[in-house]
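Architecture at a glance
So the chains spell out like this:
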Amino acid sequence: GENVEQHPSTLSVQEGDSAVIKCTYSDSASNYFPWYKQELGKRPQLIIDIRSNVGEKKDQRIAVTLNKTAKHFSLHITETQPEDSAVYFCAASRGNYQLIWGAGTKLIIKP
Amino acid sequence: DTAVSQTPKYLVTQMGNDKSIKCEQNLGHDTMYWYKQDSKKFLKIMFSYNNKELIINETVPNRFSPKSPDKAHLNLHINSLELGDSAVYFCASSQSSGGWYEQYFGPGTRLTVT
């Protein structure tokens, strides 16, 4: 069945450096790719999303790139800060109502 | 102004008991979801309702039964609780007409089965 692979499972970066999380998906019909951030003990919250008619989207220090041919998309966080520490989930749409979720990446920002 | 709310926040119960979790959204969304997040943090979709109609029912044991009395509410009833049911359960909602939109999650219900 359709799945989304997310790498790495844990990422540790020095404060101020950049972080990149990558996801690959299998369903060529997927057309919506959100990224959610979940801080410890909190709910997942959308931080950025991209649709299949766009190759890149930026929002301040966060950017997402999409390569539909290769079926992968990536989250880029620049100038990382302590508050960026969290678990990040990627997802890909399946049909009209379901998201297929990646397994999550724990991002650790070292001071 | 809570967008998606769940009750209770914590639920500790013994094996074999029956329990319910309630979810309400005041965003006017027409699609609601139940997710299970286990100790490894993996988010697993359980059910999805659109306009009170069940549209997604993943491989969830029959002991789990969702009920949507109206578009703003989606409750989850669990019969004969087992140790493996211990997890955090999240309710979520989204607008769904005309394409894909953000899913808004509730605060979660931490279920512990002893």
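Structure first, text after, so check above.
Residues numbered from 1 in each chain as written. Chains lettered and ligands numbered in written order. Predicted model: local features only at pLDDT ≥ 70, side-chain atom pairs only at ≥ 80, totals over all residues. Heavy atoms only, no water.

Next up on the list: the sheet that holds strand S8 (residues 72-77) of chain A. To summarise the sheet geometry, strands pair through backbone hydrogen bonds and adopt either a parallel or an antiparallel arrangement. Residues and elements named next belong to chain A. Read across the open sheet, the five strands follow the order S1-S3-S8-S7-S6; overall the sheet is antiparallel. This sheet does not close on itself; its edge strands, each paired only once, are strand S1 (4-7) and strand S6 (56-59). Averaged over all neighbouring strand pairs, the angle between strand axes comes to 15 degrees, with direction disregarded. Across four bridges, S1 lies against strand S3 (residues 19-25) in antiparallel orientation. Note that in S3 the partner of His-7 across the bridge is Lys-22. (Pairing = 2+ DSSP bridges. Helix = DSSP H or I, 4+ residues; strand = E, 2+ residues; numbered from the N terminus. Axes fitted to C-alpha atoms, helices over the stretch in contact; angles between N-to-C directions.)

Attention shifts here to the state of the cysteines. Following the criterion strictly, the structure yields two disulfides over all chains and no others. Cys-23 of chain A shares a disulfide with Cys-90 of chain A; S-S distance 1.9 Å. Given an S-S torsion of about -100 degrees, the disulfide between Cys-23 of chain A and Cys-90 of chain A has left-handed geometry. You can see Cys-23 of chain A sitting in strand S3 and its partner Cys-90 of chain A sitting in strand S9 (residues 86-94), a full 67 residues away along the chain. Taking relative accessible area as the criterion, Cys-23 of chain A reaches 1% and is therefore assigned buried. With its sulfur 1.8 Å from that of its partner, Cys-23 of chain B forms a disulfide with Cys-91 of chain B. One disulfide, between Cys-23 of chain B and Cys-91 of chain B, carries an S-S torsion of -75 degrees and so falls in the left-handed class. Within this pair, whereas Cys-23 of chain B is found in strand S3 (residues 19-25), its partner Cys-91 of chain B is found in strand S9 (residues 87-94), the two being separated by 68 residues in sequence. (Disulfide = S-S within 2.5 Å. Buried < 20%, exposed > 50% of the residue type's maximum accessible area, 1.4 Å probe, protein only.)

Within the secondary structure, Ser-93 of chain A sits in strand S9. A polar side-chain atom of Ser-93 of chain A sits 3.0 Å from the main-chain amide nitrogen of Asn-31 of chain A. Every residue in contact with Ser-93 of chain A, bar those within four places of it in the chain, is listed here: Asp-27, Ser-30, Asn-31, Tyr-32, Gln-98 and Leu-99 of chain A together with Trp-100 of chain B. (Polar contact = N/O pair within 3.5 Å; in protein donor to acceptor, adjacent residues only side chain to side chain. Contact = heavy atoms within 4.5 Å.)

All right, on to a positive patch on the surface then. The grouping of Lys-106 of chain A together with Lys-9, Lys-41 and Arg-110 of chain B at the surface amounts to a positive patch. Among the secondary structure elements, Lys-106 of chain A is positioned in strand S11 (residues 105-110). (Patch = residues over 30% accessible without salt bridge, like charges linked within 9 Å, V, L, I, M, F, W, Y side chains within 5 Å. Areas by Shrake-Rupley, 256 points an atom, 1.4 Å probe, with all protein chains shown as cover. Salt bridge = Lys/Arg side-chain N within 4 Å of Asp/Glu carboxyl O. Lys, Arg positive; Asp, Glu negative; His and termini not counted. Charge placed at Lys NZ, Arg CZ, Asp CG, Glu CD.)

On to the sheet that holds S3 of chain B. Residues and elements named next belong to chain B. In space, the four strands of this open sheet follow the order S1-S3-S8-S7, with antiparallel pairing throughout. Here the strands that pair on one side only, and so sit at the sheet edges, are strand S1 (4-7) and strand S7 (64-70). When strand polarity is set aside, the average angle formed by the axes of neighbouring strands in this sheet is 20 degrees. In this structure, S1 lies alongside S3, joined through four bridges in antiparallel fashion. Residue pairing in the sheet places Val-4 in a bridge with Gln-25 of S3.

Okay, the interface of chain A and chain B next. On the chain B side, the residues contacting the 20 residues of chain A number 23 residues. Where chain A abuts chain B, roughly 1900 Å² becomes buried across the two surfaces, and 59% of that area is made up of carbon and sulfur atoms. Broken down residue by residue, the surface that chain A buries against chain B is led by Arg-43, Tyr-97 and Trp-101 of chain A, which jointly contribute 37%. A salt bridge links Glu-58 of chain B to Arg-94 of chain A; the shortest N-O distance between them is 3.5 Å. Viewed at the interface, chain B and chain A are joined by seven residue pairs in polar contact (both at pLDDT 80 or more). Elements represented by at least two residues in the side of chain A that touches chain B include exactly strand S4 (32-38), strand S5 (45-51), S9 and strand S10 (98-101) of chain A. Tallied by class, residues from the side of chain A that touches chain B come to nine nonpolar, seven polar and four charged. (Buried area = accessible area lost by both parts, 1.4 Å probe. Nonpolar A, V, L, I, M, F, W, Y, C, P; charged D, E, K, R; others polar.)

This is a description of form; function is not addressed.
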